[in-house]
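Read off the chains here:
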Amino acid sequence: MLSQQTREIIKATVPVLEQHGQEITTVFYAHLFEAHPELLNIFNKTNQQQGRQQAALAQTVLAAAKHIDHLEAIVPNVNQIAHKHRALQVKAEHYPIVGEHLIYAIKEVLGDAATPDIIAAWTEAYGEIADVFIQMEKALYEEEEWHDFKPFKVTAIKQESAYIKSFTVTPVNDMKLKPVVPGQYITVKVQPEDEQNDMLRHYSICTHDITDGIQFAVKRDVAGTEKGIVSNYLHDKVTVGDELLLSAPAGEFTLQPADQPLVFLSGGVGMTPLMAMLQSSADKQVSFIHSAYNRAEVPFKDEITAFHGKENIQFYFNYSEEAGRLTADKLRQVMTGNEAIYMCGSVSFMESMLVILDELGIDRTNIHFEPFGPKMSITA
Ligand code: HEM
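Residues numbered from 1 in each chain as written. Predicted model: local features only at pLDDT ≥ 70, side-chain atom pairs only at ≥ 80, totals over all residues. Heavy atoms only, no water.

**Q** Describe the domain arrangement of the protein, and please don't skip the residues or the numbers.
**A** Under the domain assignment, the protein is made up of domain 1 (4–143), domain 2 (150–250) and domain 3 (262–377). In this structure, domain 1 and domain 2 have C-alpha centres spaced 29 Å apart. (Domains from an automatic or database assignment.)

Here you go:
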């Protein structure tokens, strides 16, 4: 339990952190990796370079600082991060290491302004925040389907669209798989040639059916300064018969029990977890609205065709190449506003959809979403 004095100091330093948050986490990462280069086997180098992870951590620290009197308020957001940490196999023993380097960075950036009282207060507060994560992750580790990363053999690879391939994998040992919870993702650990470190990436699972193994989808990342090393490696180098290391399925973007009709709203490869959800909701009223640049970029055409003729399931495609982006007017034509909405796509797709859904007056409690990127950058 933090003392009153510590809480006061934490709350008083929020504006300072807001000003220097990004800088602090940048110094933090440089110092962390210098002292612990082995952690480069866990962190995503592309996210580091693009500053995404820095922003995520800074925002989380700020959110926690703002809620220091009632840390339970951050629990819904911690849940998503805890799933990712568990999937990456971040362990309780990593937290003191991160804490030490975060405090170092606060001292370094704030200089003389970082009094011993401020440093002591943040050390204590970090311990409390870390404990929220550690406890949630402990529960997730207890229920994970298998521990650590296990070898899987690639049994099928399918070109699903211009940029998306699906990979089907089965365990190399005799492990019996449980049906996948629709909406979840797996985490792949690879070390492409010329890379010095392991690289971990999350990929959504395409179907809850595991008769043939686990099937996940990978979009070839062609944008950005550093082209997605792992997605290009999987697309170009991995073939049927190869082995991949996987940690157990994770993620809290899953169907919630409700009697409402469903709207699945996806952008690009965001269609993947929603296809798994669709397969387990085949008896429900579903409007599946998918946004893509053009028809060549739409994955899972065989699966979509299999739903043709089912009156309760309607697909709508918006091709931005010819029709422009999705708008509130277009959505108004295909949804009543009383559905439970599940959305998945890039952070920018998610942000624009949330604006549109707000414009339509949709209650946020009916909106469930998973961006391919840090969720808190949208909800904070
Ligand atoms: C991801 C916060 C501790 C390793 C994240 C994300 C947040 C976050 C907000 C982004 C989640 C998303 O993508 O939705 C925190 C906070 C921590 C903490 C507040 C301490 C209280 C740790 C520790 C480790 C770690 C101890 C391991 C040394 C990672 C990794 C990612 C991640 C590898 C994936 C993102 C990437 O590689 O770019 N964390 N984290 N985190 N975290 Fe943490």
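Let us keep going from here.
**Q** Would you mind going over the sheet that holds strand β2 (residues 164–171) in detail, with residue names and values included?
**A** With antiparallel pairing, six strands are arranged side by side in an open sheet as β4-β3-β6-β1-β2-β5. Edge strands, defined here as strands with exactly one partner in the open sheet, are β4 (199–204) and β5 (214–219). Each strand axis lies, on average, 40° off the axis of its neighbour in the sheet, ignoring direction. In this sheet, β5 lies alongside β2 in antiparallel orientation, the contact comprising six bridges. Paired with Val 169 across the strands is Ile 214, a residue of β5. With respect to the sheet, helix α4 (residues 75–88) is in contact with β3 (185–190), β4 and β6 (243–250), its orientation differing from that of β6 by roughly 150°. (Pairing = 2+ DSSP bridges. Helix = DSSP H or I, 4+ residues; strand = E, 2+ residues; numbered from the N terminus. Axes fitted to C-alpha atoms, helices over the stretch in contact; angles between N-to-C directions. Contact = heavy atoms within 4.5 Å.)

**Q** Provide a residue-level description of the coordination of the iron atom of the ligand, including the pertinent values.
**A** The protein supplies the iron atom of the ligand with one donor atom, His 85 (NE2), which lies at 2.1 Å. Relative to the helices and strands, His 85 resides in helix α4. (Donors = N, O, S within 2.8 Å, 3.2 Å for Na, K, Ca; no water.)

**Q** Give a description of helix α1 (residues 4–35) that names residues and reports values.
**A** Each full turn of the α-helix corresponds to 3.6 residues, which orients residues three or four apart in the same direction. Its 32 residues place the ends of α1 only 34 Å apart at the C-alpha level, less than the 46 Å of an ideal helix rising 1.5 Å per residue. At His 20, α1 shows its largest kink, close to 70°. (Expected span 1.5 Å × (residues − 1). Bend = angle between axes of the 7 residues up to and from the residue.)

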